[in-house]
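# Descriptive structure summary
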There are 2 protein chains.
Amino acid sequence: MKQIRLNAFDMNCVGHIHQGLWRHPRDRSTQYTDLAHWVDLARTLERGLFDGLFLADVLGVYDVYQGGPDAAVRAAVQVPVGDPLLLVPAMAAATTHLGFGVTANLSYEPPYTFARRMSTLDHLTGGRVGWNIVTGYLDSAARALGLDGQAAHDDRYAMAEEYMDVVYRLWEGSWADDAVRRDRAAGVYADPARVRAIRHHGPHFRTEGAHLCEPSPQRTPVLYQAGSSDRGRRFAAAHAECVFVNGGPKPHVARLVADLRGLARSLGRDPADLKVFVGATVVVAETDALAQAKRADYERYASVEGALAHASASLGIDFAAQDWDDPIRAGQSQAVTSNIENQAARRPDKVLTRRGLVEGLSLGGRQVPIVGGPATVADELMAWVEEADVDGFILARTVTPECFTDVIDLVVPELQRRGAYKTAYTPGTLREKLSAPGDRSGGSPRGPRLPDTHPGASRRWRP
Amino acid sequence: MKQIRLNAFDMNCVGHIHQGLWRHPRDRSTQYTDLAHWVDLARTLERGLFDGLFLADVLGVYDVYQGGPDAAVRAAVQVPVGDPLLLVPAMAAATTHLGFGVTANLSYEPPYTFARRMSTLDHLTGGRVGWNIVTGYLDSAARALGLDGQAAHDDRYAMAEEYMDVVYRLWEGSWADDAVRRDRAAGVYADPARVRAIRHHGPHFRTEGAHLCEPSPQRTPVLYQAGSSDRGRRFAAAHAECVFVNGGPKPHVARLVADLRGLARSLGRDPADLKVFVGATVVVAETDALAQAKRADYERYASVEGALAHASASLGIDFAAQDWDDPIRAGQSQAVTSNIENQAARRPDKVLTRRGLVEGLSLGGRQVPIVGGPATVADELMAWVEEADVDGFILARTVTPECFTDVIDLVVPELQRRGAYKTAYTPGTLREKLSAPGDRSGGSPRGPRLPDTHPGASRRWRP
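Residues numbered from 1 in each chain as written. Chains lettered and ligands numbered in written order. Predicted model: local features only at pLDDT ≥ 70, side-chain atom pairs only at ≥ 80, totals over all residues. Heavy atoms only, no water.

### Some details on the interface of chain B and chain A
Frequently, the measure chosen for interface size is the accessible area removed from exposure when the parts meet. On the chain A side, the residues contacting the 70 residues of chain B number 70 residues. At the boundary of chain B with chain A, total buried surface from both sides reaches about 6000 Å², with 62% on carbon and sulfur atoms. Per-residue buried area on chain B facing chain A is highest for B:Leu86, B:Arg184 and B:Tyr189; these three make up 13% of the total on that side. B:Glu208 serves as the salt-bridge partner of A:Arg143, at 3.6 Å between the closest nitrogen and oxygen. The interface formed by chain B and chain A includes 30 residue pairs in polar contact (both at pLDDT 80 or more). If you list the elements that add at least two residues to the side of chain B that touches chain A, you get helix H2 (70-75), helix H3 (88-93), helix H4 (111-124), helix H5 (139-144), strand S5 (180-183), strand S6 (188-190) and strand S8 (206-209) of chain B. With 8 residues, H4(B) is the single largest residue contributor to the side of chain B that touches chain A. Residue composition of the side of chain B that touches chain A, by class: 38 nonpolar, 13 polar and 19 charged. (Contact = heavy atoms within 4.5 Å. Buried area = accessible area lost by both parts, 1.4 Å probe. Salt bridge = Lys/Arg side-chain N within 4 Å of Asp/Glu carboxyl O. Polar contact = N/O pair within 3.5 Å; in protein donor to acceptor, adjacent residues only side chain to side chain. Helix = DSSP H or I, 4+ residues; strand = E, 2+ residues; numbered from the N terminus. Nonpolar A, V, L, I, M, F, W, Y, C, P; charged D, E, K, R; others polar.)

### Structural notes on the pairing of strand S10 (residues 242-245) of chain B
If a strand is regular, its side chains alternate between the two faces of the sheet. Residue and element names in this part refer to chain B. Burial of S10 is two-sided: the residues Cys-242 and Phe-244 facing one way and the residues Val-243 and Val-245 facing the other way are all buried. Pairing of strand S9 (residues 222-225) with S10 involves 2 bridges; the strand directions are parallel. Pairing of Tyr-224 across the sheet is with Cys-242, part of S10. Note on the crossover from S9 through helix H7 (residues 230-239) to S10: the handedness is right-handed. Considered for its hand, the β-α-β crossover made up of S10, helix H8 (residues 250-266) and strand S11 (residues 275-280) is right-handed. (Buried < 20%, exposed > 50% of the residue type's maximum accessible area, 1.4 Å probe, protein only. Pairing = 2+ DSSP bridges. Right-handed = clockwise from strand over helix to strand, strands pointing away.)

### With respect to the UniProt feature "binding site: FMN" (unreviewed entry) in chain A
Residues and elements named next belong to chain A. Summarizing the sequence annotation, UniProt attributes the feature "binding site: FMN" (unreviewed entry) to Asp-57, Thr-103, His-153, Tyr-157, Ser-228 and Ser-229 in the numbering used throughout. Beyond its immediate chain neighbours, meaning those up to four positions away, Thr-103 contacts Phe-54, Leu-55, Ala-56, Asp-57, Pro-84, Leu-85, Asn-132 and Val-134. A polar atom in the side chain of Thr-103 sits 2.7 Å from the backbone oxygen of Leu-55. Mapped onto the fold, Tyr-157 is located in helix H6 (residues 153-173). On the accessibility criterion, Tyr-157 (7% relative accessible area) is buried. If we skip the residues at most four places from it in the chain, Tyr-157 touches Gln-225, Gly-227, Ser-229, Arg-231, Gly-232 and Phe-235. (UniProt positions renumbered as here; feature names shortened; annotations may be inferred.)

### Observations regarding unusual backbone geometry
Between A:Thr400 and the following residue, A:Pro401, the backbone shows a cis peptide bond with an omega angle of 5°. Here B:Val79 and B:Pro80 are connected by a cis peptide whose omega angle stands at -5°. Along the polypeptide, B:Pro80 turns up in the loop between H2 and H3. Backbone geometry at B:Gln66 places phi at a positive 60°, although glycine is not the residue there. By the secondary structure assignment, B:Gln66 is in the loop between strand S2 (52-56) and H2.

### Regarding the relation of the copies chain B and chain A
If you rotate chain B by 180° and push it 0.0 Å along the axis, it lands on chain A with an RMSD of 0.0 Å. Taken together, the rotation angle and the small translation identify this as a two-fold axis. Among all residues of chain B, the minimum C-alpha distance to the rotation axis is found for B:Ala90, at 2.0 Å. When the interface residues of chain B are mapped onto chain A, 100% of them again lie at the interface, so the same face is used by both copies. (Least-squares fit on C-alpha atoms with pLDDT ≥ 70 in both.)

### Examining the pattern of salt bridges
Taken as a whole, this structure holds 74 salt bridges over all chains when the rule is applied. Residue A:Glu414 pairs with A:Arg417 through a salt bridge whose shortest N-O separation is 3.0 Å. Separated by 3 residues within a single helix, A:Glu414 and A:Arg417 lie in helix H14 (residues 402-417), roughly one turn from each other. A relative accessible area of 14% places A:Glu414 in the buried class. Here A:Arg417 falls in the exposed class, since its relative accessible area comes to 61%. Here B:Arg431 makes a salt bridge to B:Glu241, at a shortest N to O gap of 2.7 Å. Of this pair, B:Arg431 sits in helix H15 (residues 430-434) while B:Glu241 sits in the loop between H7 and S10, and the two are 190 residues apart along the sequence. Assessed through its relative accessible area of 7%, B:Glu241 is described here as buried. Sharing partners across several salt bridges, the network here consists of A:Asp83, A:Glu109, A:Arg117, B:Asp83, B:Glu109 and B:Arg117.

### Points about the side chain of A:Lys2
Residue and element names in this part refer to chain A. If you trace the backbone, Lys-2 turns up in the segment before strand S1 (5-11). A polar contact is formed between the side chain of Lys-2 and the side chain of Asp-389, at a distance of 3.4 Å. At a separation of 3.4 Å, a polar atom in the side chain of Lys-2 contacts the side chain of Asp-391.

### Quick notes on the environment of A:Asn7
Residues and elements named next belong to chain A. In this fold, Asn-7 is placed in strand S1. Of the residues examined, Asn-7 reaches a relative accessible area of 3% and is grouped as buried. Placed 386 residues apart in sequence, Asn-7 and Phe-393 show a C-alpha to C-alpha distance of 6.1 Å. Excluding residues within four positions of it along the chain, Asn-7 makes contact with Phe-50, Asp-51, Gly-52, Phe-277, Phe-393, Ile-394 and Leu-395. Of the polar contacts made by the side chain of Asn-7, one reaches the backbone nitrogen of Gly-52; its length is 3.3 Å.

### What about the packing of helix H1 (residues 35-47) of chain A against H14(A)?
Helix packing for two helices is described by the angle between their axes and how far apart those axes are. Residue and element names in this part refer to chain A. The geometry of H1 relative to H14 is characterised by a closest axis approach of 9 Å and an angle of 20° between their N-to-C directions. When the axes of H1 and H14 are compared, the pair comes out roughly parallel. Note that H1 runs across H14; the crossing there is left-handed. Two secondary-structure elements touch here, H1 through Leu-41, Thr-44, Leu-45 and Arg-47 and H14 through Phe-404, Thr-405, Ile-408 and Asp-409. Of the residues belonging to the contact of H1 with H14, the class tally is 4 nonpolar, 2 polar and 2 charged. (Axes fitted to C-alpha atoms, helices over the stretch in contact; angles between N-to-C directions. Parallel < 35°, antiparallel > 145°, perpendicular 65-115°, else oblique. Left-handed = near helix turned anticlockwise from the far one by under 90°.)

### A short note on the sheet that holds strand S4 (residues 129-134) of chain B
Strands belonging to one sheet form pairs held by backbone hydrogen bonds; the direction of such a pair is parallel or antiparallel. Residues and elements named next belong to chain B. With respect to topology, 8 strands assemble into a closed barrel ordered S1-S2-S3-S4-S9-S10-S11-S14, the strand pairing being parallel. Across the sheet, the axes of successive neighbouring strands diverge by a mean angle of 25°, strand direction being ignored. Examined bridge by bridge, S11 and strand S14 (residues 392-396) share 4 bridges and lie parallel to one another. For Phe-277, the partnering residue across the bridge sits in S14 and is Gly-392. Here H4 sits on the sheet in contact with strand S3 (99-105) and S4, set at roughly 150° to S4. Those strands touched by helix H14 (residues 402-417) are strand S1 (5-11) and S14, and its axis lies near 170° from that of S1.

### With respect to the sheet that holds S1(A)
Residue and element names in this part refer to chain A. Reading around the circumference, S1-S2-S3-S4-S9-S10-S11-S14 is the order of the 8 strands in this closed barrel, with parallel pairing throughout. Taken pair by pair, the neighbouring strands of this sheet meet at an average axis angle of 25°, ignoring direction. Of the pairings in the sheet, the one linking strand S4 (residues 129-134) to strand S9 (residues 222-225) comprises 3 bridges and is parallel in character. Bridging from a neighbouring strand, Trp-131 pairs with Leu-223 of S9. Along the sheet, H1 makes contact with S1 and strand S2 (52-56), crossing S1 at roughly 170°. The strands that helix H7 (residues 230-239) touches are S4, S9 and strand S10 (242-245); relative to S9, the one it contacts most, it runs at about 165°.

### So, the pairing of S8(B)
All names here are of chain B. Because side chains alternate across S8, one face comprises the buried residues Thr-207 and Gly-209, and the other comprises Arg-206 and Glu-208, none of which is buried. Bridge count for strand S7 (residues 198-201) against S8 is 4 bridges, and the pairing is antiparallel. For Arg-199, the partnering residue across the bridge sits in S8 and is Glu-208. In this structure, the hairpin formed by S7 and S8 is closed by a connection of 4 residues.

What follows is the structure in structure tokens.
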């Protein structure tokens, strides 16, 4: 039976997806500045045999709603927000198997220093690091970083393609596998004939120099992508090893997944090398009734204003300035257009309006939760895997950390009883764990490095 | 009696200051990619009541010697080298008091994202982070980061002044002290009226946006600087709270320290707010004779080629292309000129030649070690403090970690017996610890934030 993979979705901030829940008496998200909070979370997730903790990030402030950042600041909607990479080393020191998928925006850091950061993390975690490739979507971020505004949507993907090529060359091609000798007697740490400079002078990036890090366990970190536009899906099919898709009707997601796997196949990749995780929110308790009561309790703390501030920035539309029942149409930019199209595709039965958006809010976010006792939730998760051909889930936090401990204590044992969830980790790096056997999706076990069919593999050291 | 402060000097690499010693059978520097190595080191230093662990960094490869990087790669002279910031969170999670001074080059990262990184670290460490401000000095780094070459020396300091002003505004002025309410009942995490955007459009940097982090314990991290040119000293006197100076004859260092403190006073600062640490290498054993034997044992593993590769890059002169007895003169750049001048000033009795440099090498580095039993070493450290008015030392590693455990087990107890070393940490942030009473240098205890006389304090939130 196909093994369901679980990832936690979190962010170095107070309000992540479900806005307002920090006000719940049992919520601990205001402890995000405390290392012990993160170390405890990592240990909890490893106890639950989660594949990974996925850390979102954003570099700007949400200032579309009401034309300014006030609502976001008041409700702590992804602001304040700390650097996600700096959470990983302490969590890695406290765990052995848990993977870490970290979001990093390639628009604002040169490939040379970014490649070093990720190689350093891959070394320090023993090969448990992944990179969620984003190009950003906020004008506020572009302005904060000294630009007049962000690049156009498709230009950002052209930049991303060039960036990937540079980092592949640094990670895969600068140091030969046998470059490091550590020969104490001969006094040779590395053989200079097996280390070479990368030279790249492209339209967006330039670099000239050897990668500063010796080869790390995975070299290229496991690559994550969540782009949902057509261009984003093509990018994901080419580069991603893990793809996050938003929820919606299962047949819609099934078509999206089939499309992604087909695109990957057409690019010469094994479609099973693409792991697809669907964003989900689970509210579980001992029984269905208790779970519904828990959901109702959470709902009392949800912030509609926070959710609107978040949605306005995501879609690039100020909902405060929209009439309640006017259809929401694209306008400003390609990014907005594709966001609207995706929003529409997820709910093809509805015209998106402000009223519709607010009515669709649940727990202060746009993800409709899966609510029930252990059997109900397990049924629904398994139906998703069966009907939409996804590999697992990325679970958004609600009231934290109990949203994760509930799943671990109630849902994981139920899935294990059904043979749908591992009972121990596979040894090795994150990449090896993700291709572990026992997965009916047809993938075969992979080593710690990129498979030969991945575009990054073409940048490996050649004599 | 003035309390001597000790800091460890290390780097996320194999060969730091004393080249070749990784070949010593007891040396563990090749474990630099292992988190446990760093966690153990941090615990060791905290056991020894060290004020801080100072982490160096460099972004390029040393490619001046013999016109290429081969010697540096072979001897692992600061290459490979990992990102230093990523070591801190795991060490912070394993300790309570130890401070972390991290080198970061301001030439290659926008102030907006860098300010977030440091605020994140200051939060996660509970206010134990410092920043060693560098502008870089390697053309190889500039090329790797996409430039034709580095900016001229004085231009880099003009950039640095502008950069400091932007980060001060982000750290000190974007969020009022009372901005964060965490009011669960009212649903107000932060008061938007008490958070404001920073706008800066200068010749080198632009930003427009609120700082992404809420105020951290220290806001501005403790500022370290090691510039030794005239311009560098003026920068240090204005901004630095801790200054590192190289060794040399004590009277020369005494003049330098007096000059620094005088400059600080002329800028309206309390000279005692400037802590000065002199770079030192200590080889200690139970007796003087055993220490000399230990030094001789270490010396067998030193790498002259590695030391020359390091010195060639530091001074911008290819020693392989110099005649043995020709005086070494400045040529290429302002940076080289000031390096030579500083080198000459440290040894005013000698004309610097290639032969002189090689003869002056000790343990594969240019720092002449302090060698002896506990009393001999303690005498010398106390003489430094007495004669040169320094506040303590930054101890370079030789054979690691025994170079630090030796000092902790042998020198620290001796200094404590003499009343010259604390017997417990002062509570509070790194900044508070650095101004702890019992220090005859005349400083008074400071809070966790910059003192009012510091230029960054002028950027505090004002109504």
